[in-house]
There are 4 protein chains.
Amino acid sequence: MNVGELSAAFTAVPTHKSVKKIQFANQEDKQEFSKFPTKTGRRSLSRSISQSSTDSYSSAASYTDSSDDETSPREKSQVNSKGSSDFCVKNIKQAEFGRREIEIAEQDMSALISLRKRAQGEKPLAGAKVAGCTHITAQTAVLIETLVALGAQCRWTACNIYSTQNEVAAALAESGVSVFAWKGESEDDFWWCIDRCVNMDGWQANMILDDGGDLTHWVYKKYPSVFKKVRGIVEESVTGVHRLYQLSKAGKLCVPAMNVNDSVTKQKFDNLYCCRESILDGLKRTTDVMFGGKQVVVCGYGEVGKGCCSALKALGAIVCVTEIDPICALQACMDGFRVVKLNEVVRQMDMVITCTGNKNVVTREHLDRMKNGCIVCNMGHSNTEIDVASLRTPELTWERVRSQVDHVIWPDGKRVILLAEGRLLNLSCSTVPSFVLSITATTQALALIELYNAPEGRYKQDVYLLPKKMDEYVASLHLPNFDAHLTELSDEQAKYMGLNKNGPFKPNYYRY
Amino acid sequence: MNVGELSAAFTAVPTHKSVKKIQFANQEDKQEFSKFPTKTGRRSLSRSISQSSTDSYSSAASYTDSSDDETSPREKSQVNSKGSSDFCVKNIKQAEFGRREIEIAEQDMSALISLRKRAQGEKPLAGAKVAGCTHITAQTAVLIETLVALGAQCRWTACNIYSTQNEVAAALAESGVSVFAWKGESEDDFWWCIDRCVNMDGWQANMILDDGGDLTHWVYKKYPSVFKKVRGIVEESVTGVHRLYQLSKAGKLCVPAMNVNDSVTKQKFDNLYCCRESILDGLKRTTDVMFGGKQVVVCGYGEVGKGCCSALKALGAIVCVTEIDPICALQACMDGFRVVKLNEVVRQMDMVITCTGNKNVVTREHLDRMKNGCIVCNMGHSNTEIDVASLRTPELTWERVRSQVDHVIWPDGKRVILLAEGRLLNLSCSTVPSFVLSITATTQALALIELYNAPEGRYKQDVYLLPKKMDEYVASLHLPNFDAHLTELSDEQAKYMGLNKNGPFKPNYYRY
Amino acid sequence: MNVGELSAAFTAVPTHKSVKKIQFANQEDKQEFSKFPTKTGRRSLSRSISQSSTDSYSSAASYTDSSDDETSPREKSQVNSKGSSDFCVKNIKQAEFGRREIEIAEQDMSALISLRKRAQGEKPLAGAKVAGCTHITAQTAVLIETLVALGAQCRWTACNIYSTQNEVAAALAESGVSVFAWKGESEDDFWWCIDRCVNMDGWQANMILDDGGDLTHWVYKKYPSVFKKVRGIVEESVTGVHRLYQLSKAGKLCVPAMNVNDSVTKQKFDNLYCCRESILDGLKRTTDVMFGGKQVVVCGYGEVGKGCCSALKALGAIVCVTEIDPICALQACMDGFRVVKLNEVVRQMDMVITCTGNKNVVTREHLDRMKNGCIVCNMGHSNTEIDVASLRTPELTWERVRSQVDHVIWPDGKRVILLAEGRLLNLSCSTVPSFVLSITATTQALALIELYNAPEGRYKQDVYLLPKKMDEYVASLHLPNFDAHLTELSDEQAKYMGLNKNGPFKPNYYRY
Amino acid sequence: MNVGELSAAFTAVPTHKSVKKIQFANQEDKQEFSKFPTKTGRRSLSRSISQSSTDSYSSAASYTDSSDDETSPREKSQVNSKGSSDFCVKNIKQAEFGRREIEIAEQDMSALISLRKRAQGEKPLAGAKVAGCTHITAQTAVLIETLVALGAQCRWTACNIYSTQNEVAAALAESGVSVFAWKGESEDDFWWCIDRCVNMDGWQANMILDDGGDLTHWVYKKYPSVFKKVRGIVEESVTGVHRLYQLSKAGKLCVPAMNVNDSVTKQKFDNLYCCRESILDGLKRTTDVMFGGKQVVVCGYGEVGKGCCSALKALGAIVCVTEIDPICALQACMDGFRVVKLNEVVRQMDMVITCTGNKNVVTREHLDRMKNGCIVCNMGHSNTEIDVASLRTPELTWERVRSQVDHVIWPDGKRVILLAEGRLLNLSCSTVPSFVLSITATTQALALIELYNAPEGRYKQDVYLLPKKMDEYVASLHLPNFDAHLTELSDEQAKYMGLNKNGPFKPNYYRY
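Identification of chain A as Adenosylhomocysteinase from Danio rerio is taken from an unreviewed UniProt entry. Quoted straight from UniProt, the Sequence similarities (unreviewed entry) entry for chain A says "Belongs to the adenosylhomocysteinase family."

Pasting the structure below:
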């Protein structure tokens, strides 16, 4: 299908006044864009806060109550204070509130602010036209405004239909970013917004920043000629990365892409450090459970499992672990956790937590054997770890006792406490600290700069990991938050170690 | 003042139909009962969830929305399904919802359930007429219904005007307990309810269970002849205990009283173990702060401070401590915390947490020197530790960013994040686990049984600590929650140690 | 028996030249002083390094090899550089080496040095004649020389026949202290030394500093007229304290005595903090065992057990606990340890550690069920916790594989690794840090000062605990070691708390 | 140089009766084999217990006293009970004692025993002729005898002139292994033994197992024709691996080689887990220091530094960290350690510990600023981290106070306590647990099996890492030590994850 065909086939409405349904040329197209089919392959937590673009998303609630206004933003005519109407948000009047949210977020994201300063003279993104698709939150706003400060022109849309903070979107629109997003989009809205983001007369994206791959896919499919001229794609989600590797394998990736998801700092913060805190937070907010003395089994001892185990043990829980990988199992032993099979211990457990990335780790059989009051939840990547479907049977009663908390009641009165219906606990029931988001956002910004400025030939039409030196740079930008003082190698020492004084400091295979 | 005088002086309206103001005989009386004057002397956390009976209380929110009904309960005529109207609650129709809450709480309070079973044959409280004044929550309902199961007749009222769970009160009323309490009582309502609780024809309390001392004080003042015939008082709050010791010192305590507040198990759970968890919970719910790498100073290294420090350190915070007591300071050193003066470190800190029980520990001078974004909160006993009043000056701007979270903004833009306006963080912004409440409730029940059944002369007109053996019994009732198996002494071992096989196992001065 | 009788009955040889056996007046006397009969009642660890005066003692080895000289010190004629021969040590020529040891110890005992300075002007012990009986080590030498610096005249003897560091004794003798002690005394030597310490023409002890009660007992029995004139006794061991309480009960204690053993700081350091480190040290030095992943059961969760559990857990061991006391059991649960019965788990354990103070906690039956390679040791107070005697049966083979390490081999080849033959691991196989000894020594010095200077009537003929304020002072003298900065109460705060600004800061029942 | 030349050039004496010096053909040869020149490049800890083959080695002391016999083993005529004299050890009569040591070691090395059993039917090493050069200890004996059990013929020699346990060597000789090693070899003895190991009529090595590369180098240089026919080399030390990579780079490596040093399990156990324990052990054994409250700076936050920090923090030390790598620095922050420059904190520190692998990390300037009593030691890879040479100046006095402990005394009396003269603390002053050695030994055995049985072409003439699946297998063989139960993937789960049910379970870049 060429461009001409596409523009004929696909008549997304170009103005926000007359709202029409996105129209697909044929049934296959529609199917492709309506099922989010490739979003299930994530192997680890991504900042992509919910697994699918249409998953519900509870933590970043909108701050002001917008429920009074039921008009679709697509039907509204709004203009910002500079006279522009090239955006579509819930209510441009919420801009001031949103601006304050952004300012507060800036305080925890000083790495980006410092990046703005360090790179400002040179404007390393001058000329860059960035089409972005991420969650629209105060934290991503800090990222977007950093890109603008570095010279980029940005058009932006949301990667999730629930996660947009309307006030923040308004503030971005007010400040001149063409943003198309609101909380509670329909699926049609979702694609309409993506299209508005890239389909603009006189403006053609030369960089893509994506979270989940939807924007990339849309451009690839609908605007192939634009796609070919893009200088680089930065993708941060497991799903999006997976899609890119598939394209690459199939020989269809004609653009260099940067896999931000697998950079060291992002992985450690998203998984180990972030989960260490959010497991406690998620359990407390939902159940008020006391951790001391509780018997807990954690399924999976990867980074997420390690974080969960460490926190729970520190607060007095008695934790054991299941593993399939003998190396991780041995680590669990050395870290002081008994390694067991789930069915050996499930009867005694007060909590069962999954962190495997696998499916049906907790089966109906396990659930049948749990004791009264056992809490079951998932910290892994998808909602498949606990076989929740198996609990939808007539003999079991479901009782919703709080938001995100169901009591599933057996005929004999036994209750199992299921959190977030088996979806990700840390995303449904706790929050992601700004600091973690700052690490990701800084990585994204650096990846954009690198791809945009790289000399011809440095990057081929393939998927790349961020160079270790830039990973180290991201880390160094965050050290001031902790008042951490780095030691510098002397010339003599650098020579002795065979290292450049400015890094990189470790071989690629280093495990940290 | 004799009873006759009292009944003349005090004409609390005996029915719930015609609502009149509580009338005080004279101005002094009114003052005495309207200012809660003695409630400021607490030296440690009490389960008494808020310091004063009229403090706001946020954690145990009412589950169903009752805001639609603005009629005062005192003006309503309600009857339970057995035809009784000897109660006054918000809405008797909420009983079913409340019953479920009680049932859920029972699952975490198996010690009380087991006490019911163990003591049921003998009905050790047969004949006991208990007037109770506590928070009215699902957990206290489990206590009240345990007392009833053990033979007591109970009349109950709330010790705090905000903390009542209306549905639970309804469930108690439905089950036959004469309960007088609702969320949002006025001060007048408060005393009216207390009076209704004890002023009942044909029923005269012979036991008092109190939390804060208000009920005790009311009976002592208004019904002295009833007071003299009471067999025992069980008091669980610091404030109430303080009042009792004062009465005792003054030679006016004509009844034996049991100080439940200072029992070992209650202290350890209310302070060390409970705060270890709630400091994290309270901070997360209010600020979503990441703990890893944060520099924190904890003022005070008593049990509360120890709990806070242990949890924060475990999650990667860098914690230092201030102390006035060299012994506690030495403990802090050995536990791995630098001991500093607040003004030496306050500039570098990300969080300042007070746990001293003292006043003006954090002064305006300290606050002026804090860095931007510093979080300040109080885990100690009163709202005096942080000099919040000093922040109410014109040059500082207060911005309420969430419930319980204020940004105080200096002229140069620096923000200090003040939580709960300096009140107790763990009570304002987190919850108390049922397990902790179970320990207190079981202690209360045992204290009642002990005082009610003690042979003449075992207890004089004084304030007693629970006998160590009963403290041990409370603990033993909670061990099954952890599937803990106690070892029994052999005869030979008991003889060798000079101990009774059933305890007590430690001398009174043992420090645990 | 009066003094006259005694001096007739007891003809201890007054000079060190002609060595004769101590002669007892009759058989009972001999029995009394030869069996150390009361030394078995200790309930907790004491600094008194080994349980009985004649227990072997391995950690404080003599630094120089004195084995070449087999002459008994009692037969030698030695003179120090000042011409005095009023001492009896192994070899006065080792004084210089010993002096260096003392100087090194002083570096870790700065509290005593600082006490010397603070109290020097006033010489609070001027006129005090102290008869002392303690281990003779570099650390006690620092104590003795502190007492001298404060004005006391000291005569000293060893409380254990193996623990004397000969070089240190020589250094003390050289500096003018009349010391009677060497490593490897016979029992007869032991009493001879004690007698030489107190039986001196023209010098009569008015203060006693004792560790174990042997000196006290000797004076009480042999020199009752001296005993009556003593102003005070300071006793630091459990055994000695026990003896004093017995005397007091029997109405025979005619002197005020200070129980130094039960002071807060001493208890916490001797038990919790010291054992936290020595359990690891003792196990490593004897067995080189790796802690990570090891299954360990700790019997007893008092201070010693808490210390052991905390350290082992921190290094990756999987620890469970046995307890008889439900309160301690509940603490174990909340601290994250399963509470079990020994026979439920003994088959799976890699290590079994006793810390109960009880007897036969580990029985032959338990030992029979242990797995191959299980390590068994004792951190409690006596050698009775493990029923070692039950292993002395023909079918079991004992193999000594290292000092303090026996393999006990079952007929099927199973080996159980028994450490220190069931005696105290931390004293047999690890060392006590100078810092811990400094706390004890400072407490002893302060207790002496207090008793010696107390106004008439402050102390009766009874056994006292150190006043809390002095406990706090001991702690404060040790804070500079950690560069710890104490906060001082403002007048306003002191008033608010009802405290004196200089302490004491806590009520007597405070649990720390 | 061909074999003929070699045998002419190199006339090592083939029998143990007439001892002659190893004769080198020319000066270069001699130089090459006498300086161990390449042994300085290690970047991480290796099991190779000391850095150079001639470093002293203290931990694995010989068990029986052999000092009475001063005759060189090369001059003795010894025969084992089967009549063989093809070995050279200190004293064949010590075999029985050595056998017991081996049996005891077997108990901690059950993975090897289990490998013997699993592979015994097939005898995967049937036909293998293994020339080995490792430390000769009870643990390596278990490895050697495992290789024999699997079908190999072994000849063995020591990789270090001090580390041989004579009794174990005797036991190996008695059991039929041709072993050439004793404690206290001269350098000439060292090479003589290596030559005897490989230079044997009628036996030609087809596999090499080396630790340090000396044997490999000898064969490569002296017996090139043998070298060419070797099927594979297994090398476990950093030094040896470095030499192999150099050979490979130079195109001179004509044999596939396996780098066992960098396998995951070995690295984690040698560095993180082993150092976590040995830092405490090494410090205690040398200084008896108390950890609680001590201020410690750890230079370097790699695996070794992480292990040290974790253990010290757990025991109450206050730890800060220096780093050059911002990623590791950020990890330190998140783990709760302040990141500082050494000169900012060195004045306050009680201990300074280096773990960087770099040189002159602690300089004379730092040492000058340390406070009295500061302990300085090295846990990194070489003796270069602390600039010990700078302390060898006239104004400083060195005092050896214990084995491995020097006090360096400044003119003003300040003492710095230097451990092991800056060499590796964990190797000089503590021991390596058998379990850690078992992991390495098992890895070596599997590498031998893999190389020996690999089909033609699987391995080229290069240096390989152990396949991840074999790493996983090593781990799985050690799980039974911890009674750990691995979970198996269901078919459905394996398919979902895209994994083989038997592993490998992780991508190669996985960081663990």
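Participant: Explain the overall build of chain A to me, and be specific about the residues and the numbers.
Facilitator: A tally of regular secondary structure across chain A gives 19 helices and 15 strands. By residue count, 60% of the 512 residues in chain A fall in the buried class. Considering only contacts within chain A whose residues lie at least 6 apart along the sequence, 73% involve residues at least 24 apart.

Participant: Outline the interface of chain C and chain A, listing residues and values.
Facilitator: Tallying the contact residues gives eleven residues for chain C and eleven residues for chain A. For the side of chain C that touches chain A, the class distribution of residues is four nonpolar, four polar and three charged.

Participant: Any chance you could break down unusual backbone geometry for me, citing the residues and the numbers?
Facilitator: Residues and elements named next belong to chain B. The omega angle of the peptide bond from Gly503 to Pro504 is 0°, so this bond is cis rather than trans. For Pro504, the location among the structural elements is in the segment after α19 (491-497). The backbone of Asp288 shows a phi angle near 55°, a positive value even though the residue is not glycine.

Participant: Which residues make up the pairing of strand β1 (residues 129-134) of chain C, and what values do they have?
Facilitator: Residue and element names in this part refer to chain C. Among the six residues that make up β1, five are buried, leaving the element largely enclosed by the rest of the structure. Pairing geometry for β1 and strand β2 (residues 153-158), over six bridges, is parallel. Along β2, the bridge assignment pairs Val130 with Cys154. Remark: the β1/helix α5 (residues 138-149)/β2 crossover connection has right-handed handedness.

Participant: Could you give an account of the interface of chain A and chain D, with specific residues and numbers?
Facilitator: Listed by partner, the interface residues are 44 residues for chain A and 44 residues for chain D. Elements that contribute at least two residues to the side of chain A that touches chain D include exactly α11 (264-287), α13 (326-334), α14 (342-345), α18 (468-478) and α19 (491-497) of chain A. Looking at which element gives the most residues to the side of chain A that touches chain D, the answer is α13 of chain A, with seven residues. Broken down by class, the residue content of the side of chain A that touches chain D amounts to 22 nonpolar, ten polar and twelve charged.

Participant: Break down the domain arrangement of chain A for me, with residues and values.
Facilitator: Taken domain by domain, chain A consists of domain 1 (75-262 + 433-482) and domain 2 (285-429). Between domain 1 of chain A and domain 2 of chain A, the C-alpha centre-to-centre distance is 35 Å.

Participant: Please provide a residue-by-residue account of the environment of Lys268 of chain C, values included.
Facilitator: Relative to the helices and strands, Lys268 of chain C is located in helix α11 (residues 264-287). Assessed through the 22 C-beta atoms surrounding it within 10 Å, Lys268 of chain C is described here as buried. Residues Lys268 of chain C and Val304 of chain C, 36 residues apart in the sequence, show an inter-C-alpha distance of 9.1 Å. The residues contacting Lys268 of chain C, other than those within four sequence positions of it, are Gln331 of chain B together with Tyr273 and Tyr512 of chain C.

Participant: Before we move on, can you summarise the packing of helix α3 (residues 95-108) of chain B against helix α6 (residues 166-174) of chain B with the specific residues and values?
Facilitator: All names here are of chain B. One way to put it is that α3 packs onto α6 with a least axis distance of 7 Å and a crossing angle of 100°. In terms of their interaxial angle, α3 and α6 are classed as roughly perpendicular. When α3 is examined against α6, the residues Ala95, Phe97, Gly98, Arg99, Glu101 and Ile102 are found in contact with a partner set consisting of Glu167, Val168, Ala170, Ala171 and Glu174. Of the residues in the contact of α3 with α6, the class split is six nonpolar, one polar and four charged.

Participant: Tell me what's going on with the UniProt feature "domain: S-adenosyl-L-homocysteine hydrolase NAD binding" (unreviewed entry) in chain A, and back it up with residues and numbers.
Facilitator: If you check UniProt for "domain: S-adenosyl-L-homocysteine hydrolase NAD binding" (unreviewed entry), the listed places come out as residues 271-432 of chain A in our numbering. With 32% helix and 23% strand, residues 271-432 of chain A has end C-alpha atoms that lie 11 Å from one another.

Participant: Break down the relation of the copies chain A and chain D for me, with residues and values.
Facilitator: For the pair chain A and chain D, the relating rotation is 180°, the translation along its axis is 0.0 Å, and the fit reaches an RMSD of 0.2 Å. Both chain copies can therefore be described as sitting about a two-fold axis. No C-alpha of chain A approaches the rotation axis more nearly than that of Arg511 of chain A, which lies at 2.2 Å. Of the interface residues in chain A, 100% have counterparts in chain D that sit at the interface too, so the contact is made through matching surfaces.

Participant: Please give an account of the sheet that holds strand β12 (residues 397-402) of chain D that cites residues and values.
Facilitator: Strands in a sheet are paired, the pairing made by backbone hydrogen bonds, and the direction either parallel or antiparallel. Residues and elements named next belong to chain D. A sheet is described by the order of its strands in space; here eight strands give the open sequence β9-β8-β7-β10-β11-β14-β13-β12, paired in mixed fashion. Only two strands of the sheet have a single partner each, and these edge strands are β9 (338-339) and β12. Examined bridge by bridge, β12 and strand β13 (residues 405-409) share five bridges and lie antiparallel to one another. By the bridge assignment, Arg402 is partnered in β13 with Val405.

Participant: How would you summarise the sheet that holds strand β3 (residues 178-180) of chain D if you had to cite specific residues and measurements?
Facilitator: All names here are of chain D. The seven strands lie next to each other as β3-β2-β1-β4-β5-β6-β15, forming an open sheet whose pairing is parallel. Every other strand in the sheet has two partners, leaving β3 and β15 (463-465) as the edge strands with one partner each. Strand-to-strand, the axes of this sheet are offset by a mean angle of 20°, without reference to chain direction. Bridge count between strand β4 (residues 207-210) and strand β5 (residues 232-235): four bridges; the pairing is parallel. By the bridge assignment, Asp210 is partnered in β5 with Glu235.

Participant: Quick rundown of the UniProt feature "binding site: NAD(+)" (unreviewed entry) in chain A? Include the residues and the values.
Facilitator: Residue and element names in this part refer to chain A. This chain's UniProt record puts "binding site: NAD(+)" (unreviewed entry) on Gly302, Glu303, Val304, Gly305, Lys306, Gly307, Glu323 and Asn426. Along the polypeptide, Val304 turns up in helix α12 (residues 303-314). C-beta crowding within 10 Å serves as the criterion here: with 29 such atoms nearby, Val304 is assigned to the buried category. The residue Gly305 is located in helix α12 in this model. The class of Gly305 is buried, set by 30 C-beta atoms lying within 10 Å. Excluding residues within four positions of it along the chain, Gly305 makes contact with Val298, Gly300, Val321 and Cys355.

Participant: A description of the relation of the copies chain C and chain A should follow, citing residues and the corresponding values.
Facilitator: If you rotate chain C by 180° and push it 0.0 Å along the axis, it lands on chain A with an RMSD of 0.0 Å. Most of the interface of chain C is mirrored in chain A, where 100% of its interface residues are also at the interface.

Participant: Can you lay out the nonpolar core for me, pointing to particular residues and giving the numbers?
Facilitator: Looking at soluble globular proteins, one finds that nonpolar side chains tend to be buried together. Counting residues in each nonpolar core, the largest one holds 642 residues, and the members touching the most others are Leu448 of chain A, Leu448 of chain B, Leu448 of chain C together with Leu448 of chain D. With sequence-adjacent residues up to four places away left out, Leu448 of chain B is seen in contact with Leu125, Val130, Leu147, Met207, Leu209 and Val234 of chain B.

Participant: Got a sec to walk through the environment of His407 of chain B? Specific residues and values, please.
Facilitator: Residues and elements named next belong to chain B. Turning to its location among the elements, His407 is positioned in strand β13 (residues 405-409). In this structure, the C-alpha to C-alpha distance between His407 and Ala128, residues 279 residues apart in sequence, is 52 Å. Those residues in contact with His407 that lie beyond four places of it in its chain are Glu399, Val401, Arg415 and Ile417.

Participant: Any details on α11 of chain C? Residues and values, ideally.
Facilitator: Residue and element names in this part refer to chain C. Taking 1.5 Å of rise per residue, the 24 residues of α11 would be expected to cover 34 Å, and the 33 Å separating its terminal C-alpha atoms lies within 8% of that figure. Cys275 marks where α11 bends most, by close to 50°. Most of α11 is tucked away: 23 of the 24 residues are buried. Positive backbone phi, at 55°, marks Asp288, one or two positions downstream of α11.

Participant: Which residues make up the confidence of the model for chain A, and what are the values?
Facilitator: Residues and elements named next belong to chain A. For chain A, per-residue confidence averages 87 on the pLDDT scale, and 87% of positions sit at 70 or higher. Scored below 50 in pLDDT, residues 34-51 makes 59 contacts in the model with residues more than four places away or belonging to other chains. Low confidence marks residues 55-66, where pLDDT is under 50. Its contacts with residues over four positions away, or in another chain, come to 27 contacts. Confidence metrics for the complex model read pTM 0.89 and ipTM 0.87.

Participant: I'd like a rundown of the environment of Ile386 of chain D, residues and numbers included.
Facilitator: Residue and element names in this part refer to chain D. Looking at where Ile386 falls in the secondary structure, it is placed in the loop between β11 (374-378) and β12. Overall, Ile386 belongs to the buried group, with 30 C-beta atoms counted inside 10 Å. Along the primary structure Ile386 and Asp350 are separated by 36 residues, whereas in three dimensions their C-alpha atoms are 16 Å apart. Excluding residues that lie within four positions of it along the chain, Ile386 makes contacts with Thr354, Val362, Val376, Asn378 and Gly422.

Analysis parameters
- Residues numbered from 1 in each chain as written.
- Chains lettered and ligands numbered in written order.
- Predicted model: local features only at pLDDT ≥ 70, side-chain atom pairs only at ≥ 80, totals over all residues.
- UniProt positions renumbered as here; feature names shortened; annotations may be inferred.
- Helix = DSSP H or I, 4+ residues; strand = E, 2+ residues; numbered from the N terminus.
- Buried ≥ 20, exposed ≤ 12 C-beta atoms within 10 Å, placed from the backbone.
- Contact = placed C-beta atoms within 7 Å.
- Nonpolar A, V, L, I, M, F, W, Y, C, P; charged D, E, K, R; others polar.
- Pairing = 2+ DSSP bridges.
- Right-handed = clockwise from strand over helix to strand, strands pointing away.
- Domains from an automatic or database assignment.
- Axes fitted to C-alpha atoms, helices over the stretch in contact; angles between N-to-C directions.
- Parallel < 35°, antiparallel > 145°, perpendicular 65-115°, else oblique.
- Least-squares fit on C-alpha atoms with pLDDT ≥ 70 in both.
- Core = buried A, V, L, I, M, F, W, Y, C linked by C-beta atoms within 7 Å.
- Expected span 1.5 Å × (residues − 1).
- Bend = angle between axes of the 7 residues up to and from the residue.
- pLDDT = per-residue confidence, 0-100.

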